[in-house]
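These are the residues of each chain, in order.
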Amino acid sequence: MPNFKLGQILKTESMQLSNEEEDYNLSLSKFESMLKTNKVLFFDSEEFEEIILHYLDIGKAALAKKALKLALDQHPKSTGLKLVQVEMLVYDNKLDIAEKLLNELYAIEPNNEEIYIQKANIYSKRDQHEKAVELLKIALQYTDDYADVYNLIGMEYLFMDNLELAKESFIKCLEEDIEDQSALYNVVYCFEFLDQNEEAISYLDNYIDKNPYSEIAWHQKGRLHYGLKDYENAIRAFDYATLIDDEFLGAFMEKAKALERLEKYNEAIESYNRTIELDDATSYALLRIGKCYEKLGNKVLALKFYNETVHEDPLLDKGWIAITDFYLREQNYQKALFYVNKALAIDNQNRLYWKRYANINKQMNFFEEAEFGFRKAVEFGDTELDTWLFWVDILQFLGEFESAIHTLLQAADYFPEENEIEYRLAGLYFMIQDNRKAKFHLSNALRLNFDNYILIEDLFPVVWAKKMVQNYIEKHKK
């Protein structure tokens, strides 16, 4: 573990930042005061650039345009301001006018890297990403800020879905500026997309050797270990991330999930609670705490947190389902039915919710409701064998033999060689006196699994009593 001595570093950095912020805020206050009084005050061109970009960043385009007009009045020959003007034209999607202005600037300053960057931006907007990369590579010849240009090249490769070259560009960006967090996130994204998780961990290990105080790197390393189900190393990495930044909510959340996977439920609860201390309680954290308490056998606290979950977010269907499952395990079907209906009111196209609804109703002997639930589960994509069979058995119990046959034939498309389907088809065809089809399916069933003929006895006692059926089974046995 690195020996963290953050205090002095952070103090120096904060002093530098506070001086810069003070100058920046002074310029903004001065400009806004000028607008209110209609007095014309002087700003140097760099101050104007910062003011304009500030208004663009916060989405106040009208103020940015007003500032640009005043800036160009005071500094009509400033290339920097004209480049900001280009940026605003691109922002407004006036690409042809922006390109014309860039060509004029190029004639004056052909070695200005920002001209190539803005031209690349225009080509990127036109989805001509290869051309954008060419221009950015020219910008590399003139720039002092290699990191920024490599980052832009990486983004263009992402647009082209060339993840390998994007990854290389973001790595070069980080070699130039190890603190570039967006490039760090992007390089990990590329590794993951390329299914190179082990290589990503190796890269982050090298990165951390050079920059051990990067909580982002430790967090990403933890995420990657978690993805590989290496939960012990994931927790270790998240611990480092939270040691560097003891308010890193995401790292505490991920750590809690990893602790759950290792069945360390008390520690997981502690980590989830830390996320609640750092920010308002989230329904997700409350839900997970409830699950942990239930795993620990503390049903009272489990239910308390499940109820807090749905109180925090009444539209979180997973919260209502957690309470449903809690009461299902308690075999309190009345309450389970009440809460599954709450979940279905939020998401009535979820096959898993409909299956719960059907099973609960089946347990309560509400067979028509159960049949409806299984039908909806299949309608919304449930193709599990047990869902089909439960549905068919209820249809048979309700005396809807034709519907049961139709359903089984649908199920046979998914399970063409399933003896349980064939035995049921045989029994149902015998029930409707179609002996030819009944014998065909009984023959199939006996071929697939002879010993399971007991299904006929269990599900179709009337059919089992037929001498013809007994003889057919005996004949097949020989």
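Residues numbered from 1 in each chain as written. Predicted model: local features only at pLDDT ≥ 70, side-chain atom pairs only at ≥ 80, totals over all residues. Heavy atoms only, no water.

K.L.:
Could you give an account of the UniProt feature "repeat: TPR" (unreviewed entry) in the protein chain, naming the residues involved and the relevant values?
P.N.:
Here the UniProt-annotated "repeat: TPR" (unreviewed entry) positions come out as residues 147-180, 215-248, 249-282, 283-316 and 317-350. The straight-line gap between the two end C-alpha atoms of residues 215-248 is 8 Å; of that span, 79% is helix and 0% is strand. (UniProt positions renumbered as here; feature names shortened; annotations may be inferred. Helix = DSSP H or I, 4+ residues; strand = E, 2+ residues; numbered from the N terminus.)

K.L.:
Could you give me a rundown of unusual backbone geometry, with the residues and numbers involved?
P.N.:
Phi at K229 takes a positive value of approximately 65°, unusual for a residue other than glycine. With respect to the secondary-structure elements, K229 resides in the loop between α12 (215-227) and α13 (231-244). Notably, E263 is not glycine yet its phi reads approximately 60°, a positive angle. Locating E263 in the fold gives a position in the loop between α14 (249-261) and α15 (265-278).

K.L.:
Report on the side chain of E156, specifying residues and quantitative values.
P.N.:
Relative to the helices and strands, E156 is located in helix α8 (residues 146-159). It turns out E156 is buried and unbridged, and the closest side chain with the opposite charge, K125, is 11 Å from it. (Buried < 20%, exposed > 50% of the residue type's maximum accessible area, 1.4 Å probe, protein only. Lys, Arg positive; Asp, Glu negative; His and termini not counted. Salt bridge = Lys/Arg side-chain N within 4 Å of Asp/Glu carboxyl O.)

K.L.:
Which residues make up the environment of D96, and what values do they have?
P.N.:
In this structure, D96 sits in helix α5 (residues 95-108). For D96, a relative accessible area of 59% puts it in the exposed group. A distance of 2.9 Å separates a polar atom in the side chain of D96 from a polar atom in the side chain of R126. (Polar contact = N/O pair within 3.5 Å; in protein donor to acceptor, adjacent residues only side chain to side chain.)

K.L.:
Provide a residue-level description of the nonpolar core, including the pertinent values.
P.N.:
Counting residues in hydrophobic clusters, the biggest one holds 44 residues, and the most contacted among them are I153, L184, V187 and Y203. Elements with a contribution of two residues or more to this core: α6 (113-125), α7 (129-142), α8, α9 (163-176), α10 (181-193), α11 (197-210), α12 and α13. Here L184 is in contact with L174, L204, Y207, S214, I216 and A217, once residues within four sequence places are set aside. Counting 42 residues, the second-largest nonpolar core is a separate cluster that includes Y226, I235, F305 and L337. (Core = buried A, V, L, I, M, F, W, Y, C linked by side-chain atoms within 4.5 Å. Contact = heavy atoms within 4.5 Å.)

K.L.:
Pulling in residues and values, what's your account of a negative patch on the surface?
P.N.:
Residues D144, D145, D148, E175, E176, D177 and E179 make up a contiguous surface patch of negative charge. Mapped onto the elements, D145 comes out in the loop between α7 and α8. Residue D145 is classed as partly exposed on the basis of its relative accessible area, which comes to 42%. (Patch = residues over 30% accessible without salt bridge, like charges linked within 9 Å, V, L, I, M, F, W, Y side chains within 5 Å. Areas by Shrake-Rupley, 256 points an atom, 1.4 Å probe, with all protein chains shown as cover. Charge placed at Lys NZ, Arg CZ, Asp CG, Glu CD.)

K.L.:
Lay out the confidence of the model for the protein chain with the relevant residues and their values.
P.N.:
A low pLDDT score tells you not to read the predicted coordinates there in detail. Predicted confidence across the protein chain gives a mean pLDDT of 88, with 91% of residues reaching 70 or more. In this model residues 1-17 is a low-confidence stretch, pLDDT under 50, and it forms 14 contacts with partners more than four residues away in sequence or in other chains. (pLDDT = per-residue confidence, 0-100.)

K.L.:
How would you summarise the environment of F430 if you had to cite specific residues and measurements?
P.N.:
Looking at the secondary structure, you find F430 in helix α24 (residues 419-431). Under the relative-accessibility criterion, F430 is labelled buried at 2%. Once the C-alpha coordinates of F430 and D317 are considered, the two residues, 113 residues apart in sequence, prove to be 44 Å apart. What F430 contacts, discounting residues up to four positions off in sequence, is N435, A438, K439, L442, V463, M468 and V469.

K.L.:
Give a detailed account of α7, specifying residues and quantitative values.
P.N.:
Along its 14 residues, α7 runs 20 Å from first to last C-alpha, staying within 8% of the 20 Å computed at 1.5 Å per residue. For α7, the full list of buried residues reads H129, A132, V133, L135, L136, A139 and L140. One side of α7 holds all its buried residues, which, seen down the axis, span an arc of 165°. More than 90 degrees from the buried face of α7, the exposed residues found are E130 and Q141. Looking at the packing, one finds that the buried side of α7 touches α6 and α8. (Expected span 1.5 Å × (residues − 1). Arc of directions from axis to C-beta.)

K.L.:
So what's going on with the packing of aromatic side chains? Residues and values would help.
P.N.:
Within this structure, the stated rule accounts for 19 aromatic pairs. Centroid distance F367 to F397: 4.4 Å. Interplanar angle 45°. Geometry classified as tilted. Taken as a pair, F367 in helix α21 (residues 367-379) and F397 in helix α22 (residues 385-397) lie far apart in primary sequence, 30 residues in all. Residue classification places F367 among the partly exposed positions, given a relative accessible area of 21%. Ring centres of Y453 and W464 lie 5.9 Å apart, and the angle between their planes is 5°; this geometry places the pair in the stacked category. Placement of Y453 in the loop between α25 (435-448) and α26 (454-459) and of W464 in helix α27 (residues 461-464) is noted, with a sequence separation of 11 residues between them. Taking relative accessible area as the criterion, Y453 reaches 25% and is therefore assigned partly exposed. Given a relative accessible area of 19%, W464 falls into the buried group. (Phe/Tyr/Trp six-rings, centres within 6.5 Å; stacked < 30°, edge-to-face > 60°.)

K.L.:
Give me the lowdown on the packing of helix α18 (residues 317-329) against helix α19 (residues 333-346), citing residues and values where you can.
P.N.:
Packing of α18 against α19 leaves a shortest axis separation of 8 Å and a crossing angle of 165°. With respect to α19, the axis of α18 lies roughly antiparallel. For the crossing formed where α18 meets α19, the hand is left-handed. Of the residues in α19, those touching α18 at D317, W320, I321, I323, T324, Y327 and L328 are Y333, K335, A336, Y339, V340, K342, A343 and I346. Taken together, the residues that form the contact of α18 with α19 break down as 11 nonpolar, one polar and three charged. (Axes fitted to C-alpha atoms, helices over the stretch in contact; angles between N-to-C directions. Parallel < 35°, antiparallel > 145°, perpendicular 65-115°, else oblique. Left-handed = near helix turned anticlockwise from the far one by under 90°. Nonpolar A, V, L, I, M, F, W, Y, C, P; charged D, E, K, R; others polar.)

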